[in-house]
Amino acid sequence: MTSFASVTLEVADLTAASRFYTAFGLDTQVRLRASDAPTTGFRGFAMSLTVSRPATVNGFIDAALDAGATPLKPAAKSFWGYGGVVQAPDGTIWKVATSEKKDAGPATRQIDEIVLLLGATDVAASKRFYVERGLAVAKSFGRKYVEFATPSSPVKLALYGRRALAKDVGVPADGTGSHRLMLGSAAGSFTDPDGFAWEAVSLAPTT
């Protein structure tokens, strides 16, 4: 594969999850599927929204909290910019951030990037796994972070060390059971070194 087609979150309550993601402003970029697969603790991944300014971060965080999300990290300035982390009612962790520390205008609902961060036990090994399946590397910082070039997908794919990712989003790294995540690819069905499952789907845009 040279890209991937879709991200599907597996949720226990499909109706409630649909309401949340519509209210949060993400009713088209991710897919939802009903699942009661057991899972506990950190599920090994996080979704990241990159936006243009702090006011927009606050707008998305507030919308998520109003729709039933749980705060994990309050929105605040950091060395890298400004951001916060929430956990959706279905358990998916969402990070909302900007590289800007000061507002240059009012809040908008525009999302610049959506990135799926997969927590890898061995970032280098997972990087090799995906490169061998045709994904091109866009950014790489040793064994810490890898971002792939996925131009045909509405969501970027990246690897982060599992423990580092858990620390970044403010949760313990321990977790067992299903990831409750399914990735779609035209390359067929397979499972990566950390148990993230891929299924065969069309590369047609998600609507």
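Note: the structure precedes this text.
Procedures and definitions
Residues numbered from 1 in each chain as written. Predicted model: local features only at pLDDT ≥ 70, side-chain atom pairs only at ≥ 80, totals over all residues. Heavy atoms only, no water. Pairing = 2+ DSSP bridges. Helix = DSSP H or I, 4+ residues; strand = E, 2+ residues; numbered from the N terminus. Axes fitted to C-alpha atoms, helices over the stretch in contact; angles between N-to-C directions. Contact = heavy atoms within 4.5 Å. Core = buried A, V, L, I, M, F, W, Y, C linked by side-chain atoms within 4.5 Å. Buried < 20%, exposed > 50% of the residue type's maximum accessible area, 1.4 Å probe, protein only. Polar contact = N/O pair within 3.5 Å; in protein donor to acceptor, adjacent residues only side chain to side chain. Arc of directions from axis to C-beta. Phe/Tyr/Trp six-rings, centres within 6.5 Å; stacked < 30°, edge-to-face > 60°.

## Topic: the sheet that holds strand 9 (residues 136–141)
Phase 1 of the analysis: Strand order in the open sheet formed by 8 strands is 5-6-7-4-8-11-10-9, with mixed pairing between adjacent strands. The sheet is open, and its two edges are formed by strand 5 (70–77) and strand 9, each paired on a single side. Averaged over all adjacent pairs, the angle separating strand axes in this sheet is 20 degrees, with direction ignored.
Phase 2 of the analysis: Summarising the sheet, strand 10 (residues 145–149) and strand 11 (residues 156–161) pair through 3 bridges and their orientation is antiparallel. Counterpart to Glu147 in the pairing with strand 11 is Ala158.
Phase 3 of the analysis: Against the sheet, helix 2 (residues 54–66) touches strand 4 (45–50), strand 5, strand 6 (82–87) and strand 7 (93–98), its axis set at about 10 degrees to strand 6.
Phase 4 of the analysis: Its contacts with the sheet place helix 4 (residues 162–169) against strand 4, strand 5, strand 6, strand 7, strand 8 (113–120) and strand 11, and it is angled at close to 100 degrees to strand 11.

## Brief notes about the sheet that holds strand 14 (residues 190–191)
Phase 1 of the analysis: Strand order in the open sheet formed by 5 strands is 2-1-13-15-14, and the pairing between neighbours is mixed. This sheet does not close on itself; its edge strands, each paired only once, are strand 2 (31–34) and strand 14.
Phase 2 of the analysis: Pairing of strand 1 (residues 6–11) with strand 13 (residues 181–185), which is carried by 4 bridges, proceeds in the antiparallel orientation. Bridging from a neighbouring strand, Ser6 pairs with Gly184 of strand 13.

## Points about the nonpolar core
Phase 1 of the analysis: In this structure, Phe24, Trp94, Leu116 and Leu118 are the most contacted members of the largest nonpolar core, which totals 43 residues.
Phase 2 of the analysis: Apart from the residues within four sequence positions on either side, Trp94 is in contact with Leu9, Tyr21, Phe24, Leu26, Val30, Met47, Leu49, Gly84, Val85, Val86 and Ala88.
Phase 3 of the analysis: Core analysis: the next-biggest nonpolar cluster, separate from the first, contains 13 residues, Val115, Ala158, Ala166 and Val169 among them.

## Describing the side chain of Ser126
Phase 1 of the analysis: Within the secondary structure, Ser126 sits in helix 3 (residues 123–132).
Phase 2 of the analysis: Note on Ser126: relative accessible area 1%, which makes it buried.
Phase 3 of the analysis: Among the polar contacts made by the side chain of Ser126, one reaches the side chain of Asp194 at a distance of 3.1 Å.
Phase 4 of the analysis: Apart from residues lying up to four places away in sequence, Ser126 is in contact with Ala120, Leu159, Pro193 and Asp194.

## Overview of helix 4
Phase 1 of the analysis: Within helix 4, the full set of buried residues consists of Arg162, Leu165, Ala166 and Val169. Down the axis of helix 4, the buried side of the element spans an arc of 100 degrees, and every buried residue falls inside it. Turned more than 90 degrees off the buried face of helix 4, the exposed positions are Arg163 and Lys167.

## Examining the packing of aromatic side chains
Phase 1 of the analysis: Per the stated rule, a full pass over the model turns up 13 aromatic pairs.
Phase 2 of the analysis: Ring centres 5.2 Å apart and planes at 90 degrees place the aromatic pair Phe129 and Tyr130 in the edge-to-face group.
Phase 3 of the analysis: Overall, Phe129 belongs to the buried group, its relative accessible area being 12%.
Phase 4 of the analysis: The exposure class of Tyr130 is buried, given its relative accessible area of 0%.
Phase 5 of the analysis: An aromatic cluster is defined as three or more aromatic residues linked by ring pairs; in this entry it consists of Phe20, Tyr21, Phe24, Phe60 and Trp94.

## Some remarks on the pairing of strand 8
Phase 1 of the analysis: Within strand 8, 7 of the 8 residues are buried, which leaves the element mostly enclosed by the surrounding structure.
Phase 2 of the analysis: Relative to strand 8, strand 4 runs antiparallel, the two being bridged by 6 bridges. Residue pairing in the sheet places Met47 in a bridge with Leu116 of strand 8.
Phase 3 of the analysis: Relative to strand 11, strand 8 runs parallel, the two being bridged by 6 bridges. Across the sheet, the residue bridging to Leu118 is Leu159, located in strand 11.

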